[in-house]
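# Chain and residue survey
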Amino acid sequence: MGAIRDAAVFALALVGCERERVPFPPSQRAPRTAEPRAADFLGVEACATCHAAQYAAWRRSTHGRAGGKPAPGLVIAPFNGAPIRFADAVVTATATGAEYRFTVLRAGSPPVALRIDGVIGGGHMMGGGTQGFVSRFGDGTVRFLPFEFVRREGGGVWFCNTNSRSKRGWIPITPQVRLAECGDWPPTRVLGDVTRYANCQACHGSQIVAAFDTTQRRYATRFTALSINCESCHGPGRRHVEFARSGELGRSADIGMRSLAALDKDASLEVCFRCHALKDVLQPGYLPGRPLAEYYSLGLPQLGEHPLFPDGRVRTFAYQETQRFSDCYRNGSMRCVDCHDPHSQAYRDVNGMPLRDRFSDGQCTSCHPSKAEHSETHTHHPAGSAGSRCVACHMPYLQEPEVGHAIRYARSDHTIPIPRPAADEAEGVTSACRQCHEAQTPEQLEVQVHEWYGSLKPAAPPGFAVTDFFEDSLAPDMPSLPADVVQRLERLAQSEDLDERALALASLHLARGEDTRVRRFLASELGRLDSLDDPIRRRWSIALGFVADRYRQQGDPARAIVTYRKALEIRPNEPGVLLNLGLALAEAGDFANAIETYRRSLAADPAQPLAHVNWGIALESLGDTAGGVAEFRRALAADPSEALAYFNIGVVGLARGNGREAMEPLARAAALDPGLAPAHFALAQGYLLAGDARAATRELKLGLDFDPGNAAARRLLEQIVRATGGH
Amino acid sequence: MGALVLACGLARIGRTQNFTPRTLSPFAAQKARTLLRERLPCLGCHQLDGEGGRLGPDLAASSPAPAAFVYAMIRDPQRMRPGSAMPKTPMSPETLELVANYLVARRGSPAGDVEIPRVRDSVPRDGHMLYLTFCAGCHGSAGRGDGPNAKFLPVRPAVHTDARTMSQRSDDMLFDAIAAGGYVLGRSNRMPGFGATLTSAEIRGLVRYIRELCRCAGLAWAR
């Protein structure tokens, strides 16, 4: 008995020892995949000699005509010198020989000439085909210009995207639209996965890589083509061409390239999802042939923005990845290439037999021949009528909601749903039925559907359960979670879906990461990630970073700090998280620790001028203005195009009451980023100090273009107008 | 109308099948083998390198049959061998040519053309007869999933007497599986499609026969 009691005491002592914080194992990070490299991509001409038929099909395809240098055969927009009139500007699109350009004229400002270096899109898409334009900028970036063109019956119309400004969607440019309503004015959307600029522009061309070159102190933007070339799908061609030239092709099963036709469902989809999917960037520098899951997440974009409804249909904006929510994918074998010929982008059936067009029933009936047997029995529409087509009911063209309704930009619903008129309308989706039968109410259509089909197949369970739970139901270090919730998360932590797995781990870490049992589980999971160590840790860290960012937006730096520190437990030297932690610390008034965190961020990645800028702001807050200015200058030493560094130097000058000292850096800030409203407002102050009311008025107006809700600037403008009588 | 009659008449006339094989590269041969194993239904009945069913001849076994016979059997087995249990599998001309070349090389088929027999009038067959001809080899003559070929398949064939499982499949789902095969429905690629071999009425007859085996009704939806 005594022995038993002693054992119990020993066991208790062990439990006591275990209450110490369980450490997480360090990353087993494998060396970053370095193959293939940019030099391994040769361009389409290297393929054309041997693969003439595929090349000819590709050349005529939408991929082959997706973009390139401006030329008459490619440009569909009218570069005829006709004015494109805004409320406050006139833009002319002109072509002189091979040179295409926009010229922007605004009263009181010198003309701005924008040379067009690339054309993106050719207006191919049936639901609304657009064409955009890019230009090389002095900092090495290639940026989208704000003036885009969409085909319409009888011609087309210039339009711009206002969602980041006036939030009116995509709207035609008219004399009622201000230039600054266009989100791309001034141009900031760059080609490539530059994380500072939220975008998805690595797919508007082939093998686009943009990275900041610390030696040259500017961006290096490289791409093979602005069309979508062979190597975008097949991967780099260098080894294959070398084999061909050496006569090795006929002797080895290794031809330096894999067969895409033999890929299984998910591997085949991954080829298309390199571009045809919304993605979060896990790390920049992706090139076809590298493991997609190490560079992008398809699931994490659902955090915050919720681009998809729970049934997978498009809530804001998406591409064709919604196919993953179709019954044909979930319970079948459907790949993109089962309907789309990858070389010609023509339509075909699952057996590879060519079909006439996008409306051909063979896309569906090659898998569902029962529906072709007596088609009218199923469709309840006369055979041969538009309403009898499979895609009329199951893949209707739906306007992408984020675009608005002024510009048609509809894409066929790749979730391939059963029409459920009442549920569709409740979700905010125009049902397939009402696409044609506009006069009928959803309730009437619902009755008709049930009259024809009786009970419908139950809808699949809604998706994104773990995403929604992570986003809506958790907080840092909650006192408890129900046992069944913990168990479910632990099961999801074994999921083959990397996003789901990482979100389950991040959920447990966020809510119960200090609980010994949960912590031991997380440590164990981290220890057995093996080859998934890097992709899971990146997703986990980004998910926690998302929550922390949201706490900062809500003005809760304390919880943001806790959550960023959890993210750093998973990826200790993540420069972006360190920078954001520094900002949260500064917002909490802890400038000393903020500075230390910026230092760590820069040690992890020196190519961060913004870390220097924020370090400088923290020093200023501690009263070290000279130190602050020195940091702003270090930001400029790293990147001479960093507008915020000039802006802060100017603001220091203004604070010292030295308008003259402030003006030059402020003017450079406004020149580098004309959309930086605070720079215009600060310049206005400087001009007022110098007694130049007219220039101050101009700068206030320029700033209000981009920040129309700034009450202080508006009051100041009114005061100046009153004082000067408008002169 | 005259053209239609003429077309039908032509189809009923026998003809010569030509096929000139070409040598596949090791890469193309590997691709053909992958398609045979993972995409096409051939290994449901035939074995290749020790893998696959035993209902048909070994695909790699040497044979005196000429290359054109191999090609014609893949292209349309019912036409080449009327009454054969081998269904016609729809595939693109490129896939047909690739697979035929691969098998011709593996079998060491000699060159030479073959005569394709005239089309004969089809004889109506009921569901039971069709089941015994095309399904029983894997699914068993009584529908218990225990046909002689079942043990050579990577997944057990559906047990058509299993009312609980079969009642979860609509009649159209059964029709689609029989007509289009297992692969496109996310099931085993070893289950061939019979849509290019049987008439719609014959497939419906098979569906009815399976319902007799399971003594169950299917789901109400998917009509």
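Since we're looking at a predicted model, the values are computed, not measured.

This brings us to the overall build of chain B. Across its full length, chain B holds nine helices and four strands. Relative to a compact globule of 223 residues, whose C-alpha radius of gyration would be 17 Å, chain B shows 18 Å and is just as compact. Principal-axis analysis of the C-alpha atoms gives chain B an extent of 50 × 50 × 25 Å. Across the 223 residues of chain B, 41% fall into the buried class. Partitioning the intrachain contacts of chain B with sequence separation of at least 6 by distance along the chain shows that 67% fall at a separation of at least 24.

What chain A contains, in helices and strands, is 30 helices and 17 strands. Here the C-alpha atoms of chain A give a radius of gyration of 29 Å, agreeing with the 27 Å that 2.2 N^0.38 yields for 727 residues. If you line up chain A on its principal axes, its C-alpha atoms span 100 × 85 × 70 Å. Every one of the 727 residues in chain A was classed for burial, and the buried ones make up 45%. A separation threshold of at least 6 residues defines the contact pool for chain A, and within that pool the share at least 24 residues apart is 52%.

Quick look at the pairing of strand E2 (residues 80-85) of chain A now. All names here are of chain A. Examined bridge by bridge, E2 and strand E3 (residues 90-96) share four bridges and lie antiparallel to one another. Counted as the bridge partner of Arg85 is Val90 from E3. Count of turn residues in the E2/E3 antiparallel hairpin: four residues.

Our focus in this paragraph is the confidence of the model for chain A. Mean pLDDT for chain A: 93, with 96% of residues reaching 70 or above. Taken together, the stretch residues 1-18 of chain A has pLDDT below 50 and engages in one contact with residues farther than four places along the chain or on a different chain.

Interface extent is often summarised as the accessible area lost during association of the parts. All names here are of chain B. Parsing chain B into structural domains produces domain 1 (25-116) and domain 2 (127-214). Averaged C-alpha coordinates put domain 1 and domain 2 at centres separated by 23 Å. With 17 residues of domain 1 at the contact, the number on the domain 2 side is 16 residues. Residues that form the side of domain 1 that touches domain 2 fall into these classes: eight nonpolar, five polar and four charged.

Turning our attention to the interface of chain A and chain B. With 28 residues of chain A at the contact, the number on the chain B side is 26 residues. Per-class residue counts for the side of chain A that touches chain B are eleven nonpolar, 14 polar and three charged.

This part takes up the environment of A:Tyr453. Position of A:Tyr453 among the secondary structure elements: in helix H15 (residues 442-453). Each C-alpha atom of the pair A:Tyr453 and A:His378 lies 8.4 Å from the other, and the pair is 75 residues apart in sequence.

So, about the domain arrangement of chain A. Partitioning chain A into structural domains gives domain 1 (1-26 + 464-572), domain 2 (41-64 + 229-258), domain 3 (66-227) and domain 4 (642-727). A straight line from the C-alpha centre of domain 1 of chain A to that of domain 3 of chain A covers 44 Å.

Residue and element names in this part refer to chain A. The contact between helix H18 (residues 498-512) and helix H19 (residues 516-527) brings their axes to 10 Å, and the two run at 145°. Handedness of the crossing formed by H18 with H19: left-handed. Contacts from Leu505, Leu508, His509 and Arg512 in H18 reach Val518, Phe521, Leu522 and Glu525 in H19. Class assignment of the residues belonging to the contact of H18 with H19 gives a composition of five nonpolar, one polar and two charged.

Counting along an α-helix, one turn takes 3.6 residues, and residues three or four places apart therefore face a common direction. Residues and elements named next belong to chain A. Here helix H29 (residues 693-706) spans 20 Å end to end across 14 residues, near enough to the 20 Å set by a 1.5 Å rise per residue. When H29 is considered as a whole, its buried residues turn out to be Ala696, Thr697, Glu699, Leu700, Leu702, Gly703, Leu704, Asp705 and Phe706. In the core, the buried residues of H29 are packed alongside helix H28 (677-689) and helix H30 (711-724).

On to the sheet that holds E3(A), then. Residue and element names in this part refer to chain A. The strand order across the open sheet built from four strands is E2-E3-E4-E5, with neighbouring strands paired in antiparallel fashion. The strands lining the two open edges of the sheet, one partner per strand, are E2 and strand E5 (109-115). The mean angle between the axes of side-by-side strands here comes to 20°, regardless of whether they run parallel or antiparallel. Relative to strand E4 (residues 99-106), E3 runs antiparallel, the two sharing seven bridges. For Val90, the partnering residue across the bridge sits in E4 and is Leu105.

Moving on, we come to unusual backbone geometry. Leaving glycine aside, a negative phi is the common case for residues, and trans is the common case for peptide bonds. For the bond from A:Trp185 to A:Pro186, the omega torsion is -5°, close enough to zero to count as cis. In this structure, A:Arg217 takes a positive phi of about 60° despite not being glycine. Along the chain, A:Arg217 falls in the loop between strand E12 (209-213) and strand E13 (218-222). For B:Asp49, which is not glycine, the phi torsion reads 55° and is therefore positive. Within the fold, B:Asp49 resides in the loop between strand E2 (47-48) and strand E3 (51-52).

Counting residues in hydrophobic clusters, the biggest one holds 150 residues, and the most contacted among them are A:Ala506, A:Ala543, A:Phe647, A:Leu666, A:Ala669 and A:Ala679. The element contributing the most residues to this core is H18(A), with nine residues.

Along the chain, B:Pro57 falls in the loop between E3 and helix H3 (67-75). Taking the number of C-beta atoms within 10 Å as the measure of exposure, B:Pro57 has 13 and is therefore partly exposed.

Residues and elements named next belong to chain B. Per-residue confidence for chain B gives a mean pLDDT of 91; residues scoring 70 or more make up 93%. Low pLDDT (under 50) marks residues 1-11, which in the prediction has one contact with non-local residues, meaning those over four places away or in another chain. Among the prediction metrics, the complex's ipTM stands at 0.92, with pTM recorded as 0.92.

Time to look at the packing of helix H24 (residues 609-621) of chain A against helix H26 (residues 643-655) of chain A. Residues and elements named next belong to chain A. The contact between H24 and H26 brings their axes to 9 Å, and the two run at 20°. In terms of orientation, H24 lies roughly parallel with respect to H26. You can see that H24 and H26 cross each other, and the crossing is left-handed. For the pair formed by H24 and H26, the contact residues are Pro609, Leu610, Val613, Gly616 and Ile617 on the first element and Leu644, Ala645 and Asn648 on the second.

Reading the values: rules and limits
- Residues numbered from 1 in each chain as written.
- Chains lettered and ligands numbered in written order.
- Predicted model: local features only at pLDDT ≥ 70, side-chain atom pairs only at ≥ 80, totals over all residues.
- Helix = DSSP H or I, 4+ residues; strand = E, 2+ residues; numbered from the N terminus.
- Rg over C-alpha atoms; globule rule 2.2 N^0.38 Å.
- Buried ≥ 20, exposed ≤ 12 C-beta atoms within 10 Å, placed from the backbone.
- Contact = placed C-beta atoms within 7 Å.
- Pairing = 2+ DSSP bridges.
- pLDDT = per-residue confidence, 0-100.
- Domains from an automatic or database assignment.
- Nonpolar A, V, L, I, M, F, W, Y, C, P; charged D, E, K, R; others polar.
- Axes fitted to C-alpha atoms, helices over the stretch in contact; angles between N-to-C directions.
- Left-handed = near helix turned anticlockwise from the far one by under 90°.
- Expected span 1.5 Å × (residues − 1).
- Core = buried A, V, L, I, M, F, W, Y, C linked by C-beta atoms within 7 Å.
- Parallel < 35°, antiparallel > 145°, perpendicular 65-115°, else oblique.

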